[in-house]
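Topology and contacts: notes
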Amino acid sequence: MSATVVGIVQIDKELCTGCRRCAEVCPVDAIKGEKGEPQTIDTEKCCYCGQCVQVCSAYASIFDEEIAPREQKIAERGLLDSVKEPLFAAYNIGHNREVKKGLADASLFKMVQCAPAVRVAIAEEFGLKLGSLTPGKMAAALRRLGFDRVYDTNFTADLTIMEEGSELIERVTQNGTLPMFTSCCPAWVKYVEQEYPELIPHLSSCKSPQQMAGALFKTYGAKIDNVEPAKVFSVSVMPCTCKKFECDRPELTDSGFKDVDYVITTRELAQLIKDAGIDFKNLPEEDFDKPLGTYTGAGTIFGVTGGVMEAALRTGYELITKEAIPDVKLDFVRGGEGVRKATVKVGDLDLRVAVVSGLKNVRPLMEQVKAGTADFHFMEVMTCPVGCVSGGGQPKVLLPKLKETAYKNRACSTYTHDDNLPLRKSHDNPDVQKLYDEFLVKPLGHESHHLLHTTYTPRR
Amino acid sequence: MSNKINSFVVADPAKCIGCKVCEVACAVSHTQYGVVTAGTMEDPVIPRLYLVKTPEVTMPVQCRHCEDAPCANSCPVGAISQEKNVIVINETECVGCKTCMIACPFGAIDLVPKYVKGEEITQRVLKSETQDGLVEKAVVYASKCDLCISRPDGPACVENCPEKALEVVKPAVLKKERNRDAALSLLESVKKFIG
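This structure is a prediction, so every number in the text was calculated from the model and none was measured. (Residues numbered from 1 in each chain as written. Chains lettered and ligands numbered in written order. Predicted model: local features only at pLDDT ≥ 70, side-chain atom pairs only at ≥ 80, totals over all residues. Heavy atoms only, no water.)

Helix and strand counts for chain B come out as five helices and twelve strands. Dimensions along the principal axes, computed over C-alpha positions, put chain B at roughly 85 × 40 × 35 Å. For chain B, the proportion of contacts with a sequence separation of at least 24, taken over those separated by at least 6, is 64%. With the model as given, the accessible surface of chain B reaches about 11400 Å², and the carbon-plus-sulfur share is 54%. Across chain B, the 23 positively charged side chains and the 24 negatively charged ones have centroids separated by 7 Å. (Helix = DSSP H or I, 4+ residues; strand = E, 2+ residues; numbered from the N terminus. Contact = heavy atoms within 4.5 Å. Areas by Shrake-Rupley, 256 points an atom, 1.4 Å probe, with all protein chains shown as cover. Lys, Arg positive; Asp, Glu negative; His and termini not counted. Charge placed at Lys NZ, Arg CZ, Asp CG, Glu CD.)

Should their charged atoms come close, side chains of opposite charge can pair. Residue and element names in this part refer to chain A. Taken as a whole and judged by the stated rule, the model has 38 salt bridges over all chains. Here R334 and E310 are joined by a salt bridge, their closest N and O atoms 2.7 Å apart. Of this pair, R334 sits in the loop between α12 (307-321) and β10 (338-346) while E310 sits in helix α12, and the two are 24 residues apart along the sequence. For the pair shown, R334 and E310 are each scored as buried. In the salt-bridge network here, residues are joined through shared partners; they are E310, R314, R334, D418, D419 and R424. (Salt bridge = Lys/Arg side-chain N within 4 Å of Asp/Glu carboxyl O. Buried < 20%, exposed > 50% of the residue type's maximum accessible area, 1.4 Å probe, protein only.)

Opposite the 29 residues of chain A that make contact, chain B presents 33 residues. In this assembly, chain A packs against chain B so that about 2600 Å² is buried in total across both faces, 65% of it on carbon and sulfur atoms. Its largest share of buried area at the contact with chain B, chain A owes to Y59, K84 and L398 of chain A, together 24% of the area lost on that side. Here chain A is connected to chain B by one salt bridge. Residue E119 of chain B pairs with K84 of chain A through a salt bridge whose shortest N-O separation is 3.1 Å. When contributions to the side of chain A that touches chain B are tallied by element, the ones reaching two or more residues are α10 (266-275) and α14 (400-420) of chain A. With three residues, α14 of chain A is the single largest residue contributor to the side of chain A that touches chain B. Here the residues of the side of chain A that touches chain B sort into 15 nonpolar, four polar and ten charged. (Buried area = accessible area lost by both parts, 1.4 Å probe. Nonpolar A, V, L, I, M, F, W, Y, C, P; charged D, E, K, R; others polar.)

Moving on to the sheet that holds strand β12 (residues 378-382) of chain A. All names here are of chain A. The mixed open sheet is built from four strands, whose spatial order is β7-β12-β11-β10. The sheet is open, and its two borders are formed by β7 (180-181) and β10, each paired with just one other strand. Bridging between strand β11 (residues 349-357) and β12 involves five bridges; their strand directions are parallel. Residue pairing across strands places V356 opposite V381, the latter belonging to β12. Those strands touched by α12 are β10, β11 and β12, and its axis lies near 155° from that of β12. Its contacts with the sheet put helix α13 (residues 363-371) on β7, β10, β11 and β12, and the angle it makes with β10 is roughly 50°. (Pairing = 2+ DSSP bridges. Axes fitted to C-alpha atoms, helices over the stretch in contact; angles between N-to-C directions.)

For the rest of this paragraph, the subject is the nonpolar core. Grouped together as the largest cluster of nonpolar side chains are 142 residues, with contacts concentrated most on L142, W188 and M379 of chain A. If sequence neighbours within four positions are ignored, L142 of chain A has contacts with V112, C114, F147, V150, V237 and L269 of chain A. Ranked by size, the runner-up nonpolar core spans 34 residues in total, among them L49, A142, C145 and C157 of chain B. (Core = buried A, V, L, I, M, F, W, Y, C linked by side-chain atoms within 4.5 Å.)

In this section: the pairing of strand β9 (residues 122-130) of chain B. Residue and element names in this part refer to chain B. With five bridges joining them, β9 and strand β10 (residues 133-138) adopt antiparallel strand pairing. Each bridged residue has a counterpart across the sheet, and for K127 the counterpart in β10 is E136. Hairpin connection between β9 and β10: a loop of two residues separates the two successive antiparallel strands.

Counted under the stated rule, the structure contains nine aromatic pairs over all chains. Linked through ring pairs, F181, W188, Y191 and Y196 of chain A together constitute an aromatic cluster. The residue whose ring lies beneath K258 of chain A is Y262 of chain A, and the NZ or CZ to ring-centre distance is 5.8 Å. The ring of F8 of chain B carries the charged tip of R64 of chain B above its face, separated from the ring centre by 4.7 Å. (Phe/Tyr/Trp six-rings, centres within 6.5 Å; stacked < 30°, edge-to-face > 60°. Lys NZ or Arg CZ within 6 Å of the ring centre and 35° of its normal.)

Once that is clear, we can look at the pairing of strand β9 (residues 262-265) of chain A. Residue and element names in this part refer to chain A. The pairing of strand β8 (residues 232-238) with β9 spans four bridges and is parallel. Paired with V235 across the strands is Y262, a residue of β9. Crossover handedness for the path β8 to helix α9 (residues 242-247) to β9: right-handed. (Right-handed = clockwise from strand over helix to strand, strands pointing away.)

Residues and elements named next belong to chain A. Under the criterion given, the structure shown has nine cavities of 30 Å³ or more. Considering only enclosed or pocket space, the largest cavity measures out at about 280 Å³ in volume. In terms of lining residues, the largest cavity is bounded by 24 residues, among which C184, P186, C240, K243 and C388 are the most central. Of all elements in the fold, only α6 (153-173), α7 (186-195) and α8 (209-224) reach the threshold of two or more residues within the lining of the largest cavity. Here the lining of the largest cavity is built from residues that sort into 17 nonpolar, six polar and one charged. When its volume is computed, the second largest cavity comes out at roughly 190 Å³. Taken together, 15 residues line the second largest cavity, and the ones lying closest to its centre are L79, E85, Y91, N92 and R267. Of all elements in the fold, only β4 (90-92) and α10 reach the threshold of two or more residues within the lining of the second largest cavity. Across the lining of the second largest cavity, the residue classes break down as seven nonpolar, three polar and five charged. (1 Å grid on protein atoms, 1.4 Å probe; cavity = no way out; pocket = protein on both sides within 12 Å on 5 of 7 lines; lining within 4 Å. Points joined across faces, edges and corners; volume = space filled by probe spheres on them.)

Quick look at the structure:
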């Protein structure tokens, strides 16, 4: 394991007042300590979801002379020297210093991907309304930062649906391990590995969209631009702190290199844009690059709870019945924190699905799966309360009263984006089709298996 | 002339967990450019109430908006006044002499540097002598709770406390409640005598 893997999320002992609000939101009881005393994080248990980072309000005061100087804290946290925002006790390690170095290296070909939830939140860091939808400005900002290709995780979200949907159909029709669990949320995957290693076979073998994109950047992407894969600098922008952990998994090197070199969060991207002096608010709307930046509405709803399920159903329905789904809007899987179940008539099959939002809510279902009494085929789990839109790497809303508004607006913008996209089903993505024609051949095929699927590590 | 007694915010030490949300909420609601997320907060967090953490008690301390305010009485430049039942400091008139800070029996006043968009504002004339020669001296002014006088929803600390440990005390209302409680309690204790 590299040094960055352990302790991506930390608590600054000098700043922590021991209020334990972080322990309250931690879904895995990884935060230890007495009330009123500085807390510590059990890294074995910690899923790096960063909800503690979001909730923490104990800050470094300019009047406190007994704490280490701000410059030192900025360096310890891996933040850029230009960062002005207050420093809180719970934080995640940043990677902008490394990204800035890579961007300045003329010998590298820089490719970037952005997760669906970043575009509904990043503008908040520039004073725009909570939940403003700005994919175009974000793409423009990334181009001005010096990325040669501005690609999109939404593309591989569509690709995930092709692979994961096919995998589900295969498992349902060929007596495979059921229920199948989604594998996009890295905190959830780590949770399964450490809390329920015996249920690992239930996890879809699909890599997360981030890692699928990483593997494609240094293979297909390098080929398109005729650059040496070794020269591709692969960066991803995520709403999630655990994606930093995921990209460092030693097995995720199927391109022949580390598939994703660095992950920065939404907050870190905003810091990078400010550091470069880019006027985000007044940027023009620009498109993502093709082909690995083309996406459908199904790809974009991965950012909210129930989104992976809804996207999978839009495609799964058509793959099984060979007919167009009557309505792409599958509201019954949408919602907030908690567990939702539904039965969907797919041809002759009554497909039973479960959607879990908030890792705290998953345990009863896991016990059912373990006991063999789970009555569903497919289960989506998102660690964060409203899915990735409320992720640990998203803009931190300072007033607790406004948090709900922020999450509601971000989710609402995600669905608006889906509603307004010309294509809303993953299998309709023309560049995904082209990728299969030119490179991967077919879902679950030899090349897809090599680049897009993975294995997991029991951690107990 | 109004004889209404000034309100003030007070914390319940039994509920306070010392999370400092009150301080953050206070600082955020007193910044001028619509700060909502951490990334938009360019100025340091400078609250107007102060979390006190001792082995015996944890709670924020803030201005009591005294009726015969010692801070106002002691201010040599008349920068402290009462506006609509709130004791306020006129930051531009304040000369940073610290008399109010000493006069306040609660330590509810602090001398703080002035920031605009993340930049510390310095004085026009007065310089400070250091090893590196003369450097510009920061503008510093007296600052304290103003009960979020310009905020329609009232004090931001009260609204955002996750433990609901803070409340606005309205002394006249409180006094009447206490009187009523005393009467009821007296009734309870004399019931056995009066049958």
